[in-house]
Amino acid sequence: MNRYFDLEAIPNPQIAQVDVVAQLMQQTHALLPQYLGRVGLSFPEYRAQKTLGKTIRFFDNDKDLRHLQSSIAANPKFSNYCVVGEVQHTPEEPEAYACFARVQPKGNSNLQRLKKRHQARGTWTDELEQEIQSKYSANLKLPHVNLRSMSNGQKFILFVQKEKKPLPVEGLFSSYGLSNTATVPWF
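About the cut-offs
Residues numbered from 1 in each chain as written. Predicted model: local features only at pLDDT ≥ 70, side-chain atom pairs only at ≥ 80, totals over all residues. Heavy atoms only, no water. Pairing = 2+ DSSP bridges. Helix = DSSP H or I, 4+ residues; strand = E, 2+ residues; numbered from the N terminus. Axes fitted to C-alpha atoms, helices over the stretch in contact; angles between N-to-C directions. Contact = heavy atoms within 4.5 Å. Phe/Tyr/Trp six-rings, centres within 6.5 Å; stacked < 30°, edge-to-face > 60°. Buried < 20%, exposed > 50% of the residue type's maximum accessible area, 1.4 Å probe, protein only. Lys NZ or Arg CZ within 6 Å of the ring centre and 35° of its normal.

### Points about the sheet that holds strand β6 (residues 96-103)
Argument step 1. Taken in spatial order, the 4 strands of this open sheet run β7-β8-β6-β9, and their pairing is antiparallel. Looking along the sheet, the strands with just one partner apiece sit at the ends: β7 (144-148) and β9 (184-186). Neighbour to neighbour, the strand axes of the sheet diverge by 40° on average, direction disregarded.
Argument step 2. Examined bridge by bridge, β6 and β9 share 3 bridges and lie antiparallel to one another. Paired with Ala96 across the bridge in β9 is Trp186.
Argument step 3. Contacts from helix α1 (residues 17-31) reach β7 and β8 (155-165) within the one sheet, and its direction differs from that of β7 by about 55°.

This is how it looks when you write it as structure tokens:
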């Protein structure tokens, strides 16, 4: 991860910044699979309990990143909504490393399956039910974007959690540029 470039959402009085970033993430998701998990994302203005910020930062090696950057710059679905930065070197010694991971909240169907398993074992109690319901009903207070599934068209919320790490961890990234283990430089 020795190179990066930024996409910065263009302020638009008619569209909320969070919606512009969601549109950019939707389009990014369509491009990233061709890079086979090599491209990672970060959000330099990430704020817990708020938004991802107006900037999406892409990381990878020079060749892939230059190809991705030129694809994005030539695509009006991006260029109408953001400023595409130049590919640059990452700092030799970044402040830290960060892992940006997707968090998927558990829904009511998960609760029902869990209840059935416990009932079959005879371990279901009123106390356990209250504990599990409070856990499942807790609202995630993470930055997120609203997206639409490319496979079935269904709307969903992509919650993103940031965790700082002292050392880099190599690995692959999802088609959203996120990973539960792999890190990107944080600066």
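### Re the packing of aromatic side chains
Argument step 1. Scanning the model with the defined rule gives 8 aromatic pairs in all.
Argument step 2. On the numbers, 5.0 Å between centres and 70° between planes, the contact of Tyr4 with Phe187 is edge-to-face. Residue Tyr4 is found in strand β1 (residues 3-9), and its partner Phe187 is found in the segment after β9; the two are separated by 183 residues along the sequence.
Argument step 3. The buried category is assigned to Tyr4, whose relative accessible area is 9%.
Argument step 4. Classification of Phe187 as partly exposed rests on a relative accessible area of 28%.
Argument step 5. Directly above the aromatic system of Trp186 lies the positively charged group of Lys162, at a separation of 3.7 Å from the ring centroid.

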